[in-house]
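Below, each chain spelled out in residue letters.
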Amino acid sequence: MRRFELAEPSSLKEACALLSDNAEAKVIAGGTALLTLIKHGIFVPKTLVNLKKIKSASDITYDAQTGLRVGALAAIYDIEASPLVRQYYPVLAEACHVVANIRIRNMATIGGNLAHGDYQSDPPTVLVALNAVVELLSRTGTRQMKLSGFLKGSYETALEPGELLSALVVPPPDSWRGTYIKFTTGSSEERPCAGIAALVRMEQGVCRDLRLVVGAVSPRPVRMHQAEEF
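None of these values were measured; they are calculated from a predicted model. (Residues numbered from 1 in each chain as written. Predicted model: local features only at pLDDT ≥ 70, side-chain atom pairs only at ≥ 80, totals over all residues. Heavy atoms only, no water.)

Right, let's get into the nonpolar core. Ranked by internal contacts, the top residues of the largest apolar core, which has 39 residues, are Ile79, Leu92, Ile110, Leu127 and Leu168. Broken down by element, this core gets its largest block of residues, 5 residues, from helix 5 (residues 90-97). Leu92 has contacts with Leu68, Ile79, Val85, Val126, Leu127 and Leu130, leaving out every residue within four places of it along the chain. (Core = buried A, V, L, I, M, F, W, Y, C linked by side-chain atoms within 4.5 Å. Buried < 20%, exposed > 50% of the residue type's maximum accessible area, 1.4 Å probe, protein only. Helix = DSSP H or I, 4+ residues; strand = E, 2+ residues; numbered from the N terminus. Contact = heavy atoms within 4.5 Å.)

Right, here's the structure in full:
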């Protein structure tokens with residue numbers, strides 16, 4: 001039996017304080033990745049900080065000026081099913097829909113998905129194409145950075161000790177339209193062996209701008225600038 005202490009903060013700030021005071025503490029939300037590591041003995045934490053009881057940290061809102069804001073505790077399925085996401089960012093809903101299966105999508109959170117830094121994941125590829133920004137919260141305040149810079153490598157991110165990924169911000173769509181294609185070696189529920197996000201901006205039938213991002217083939221999603229030039 002693997003024993004550990006469980007802390008259940010009532011706010012993200014309280015969670016940050018717990019992380020700052022205990023360098024060995026680990027955050028858990030949906031648990032779809034962390035519990036697997038614990039089960040197989042790859043990682044055995046001394047303290048788990050459970051975020052699931054924190055209210056309002058899963059809200060999904062939209063503003064025409066600032067864009068989409070998604071709380072870190074929003075489940076992948078919450079994003080997939082959100083009327084706001086389906087209306088303004090259908091390509092993001094599309095990418096969330098092909099994540100694993102419905103049970104996983106109801107448990108896994110977008111914050112956990114991004115903070116885990118797994119290169120074989122669907123949402124990050126589309127979010128990089130959408131120029132998404134992550135909000136990082138610590139005891140000393142909040143900072144923002146582009147997701148493309150936050151994801152540094154396989155299971156490696158720019159999170160500092162004592163920090164939490166508190167929200168995701170996606171700029172207004174500005175007439176961008178796109179699609180996401182997932183390739184697997186077997187079942188559609190598998191993690192992608194490659195994922196491609198393509199966004200295009202059209203004016204009177206002419207392509208004026210294009211973004212291509214490929215994921216799951218390198219330690220982090222890659223913007224294909226040379227291919228875009230064609």
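Taken together, the side chains of Ile181, Phe183 and Ile196 present a nonpolar region at the surface, about 240 Å² in accessible area. Within the element layout of this structure, Ile181 appears in strand 11 (residues 177-183). According to the relative accessible area criterion, Ile181 is partly exposed, its value standing at 43%. (Patch = residues over 30% accessible without salt bridge, like charges linked within 9 Å, V, L, I, M, F, W, Y side chains within 5 Å. Areas by Shrake-Rupley, 256 points an atom, 1.4 Å probe, with all protein chains shown as cover. Salt bridge = Lys/Arg side-chain N within 4 Å of Asp/Glu carboxyl O.)

With that settled, the discussion passes to the sheet that holds strand 10 (residues 164-170). Across a sheet, strands are paired by hydrogen bonds formed along the backbone, either parallel or antiparallel in direction. The sheet built from 5 strands is open, its strands ordered 4-5-10-6-7 with antiparallel pairing. Lying at the two open borders of the sheet, with one neighbouring strand each, are strand 4 (60-63) and strand 7 (141-146). This sheet shows a mean twist of 25° between the axes of neighbouring strands, independent of strand direction. Note that strand 5 (residues 67-71) and strand 10 share 4 bridges and pair antiparallel. Along strand 10, the bridge assignment pairs Arg69 with Val169. Sitting on the sheet, helix 1 (residues 12-21) touches strand 6 (133-138) and strand 10, and the angle it makes with strand 10 is about 135°. (Pairing = 2+ DSSP bridges. Axes fitted to C-alpha atoms, helices over the stretch in contact; angles between N-to-C directions.)

Next up on the list: the environment of Ile181. Sequence spacing of Ile181 and Ala194 is 13 residues, and the spatial spacing of their C-alpha atoms is 8.4 Å. Among all residues touching Ile181, those that are not within four sequence positions of it are Ala194, Gly195 and Ile196.

With a phi close to 70°, Ser56 is a non-glycine residue in the positive phi region. Inspection of the secondary structure puts Ser56 in the loop between strand 3 (47-50) and strand 4. In this structure, Ser175 takes a positive phi of about 70° despite not being glycine. Here Ser175 is to be found in the loop between strand 10 and strand 11. On the basis of relative accessibility, which here comes to 42%, the residue Ser175 falls in the partly exposed class.

Right, let's talk about the packing of aromatic side chains for a bit. Using the criterion set out here, one finds 2 aromatic pairs in the structure. An angle of 70° between the planes, with centres 6.1 Å apart, marks the rings of Tyr62 and Tyr89 as edge-to-face. In this pair, Tyr62 is assigned in strand 4 and Tyr89 in the loop between helix 4 (83-88) and helix 5, connecting sequence segments 27 residues apart. A residue is classified by how much of its surface remains accessible, and Tyr89, at 1% relative accessible area, is buried. Site record: aromatic cluster; members linked through ring pairs are Tyr62, Tyr88 and Tyr89. Sitting over the ring of Trp176, Arg211 keeps its end group 4.1 Å from the ring centre. (Phe/Tyr/Trp six-rings, centres within 6.5 Å; stacked < 30°, edge-to-face > 60°. Lys NZ or Arg CZ within 6 Å of the ring centre and 35° of its normal.)

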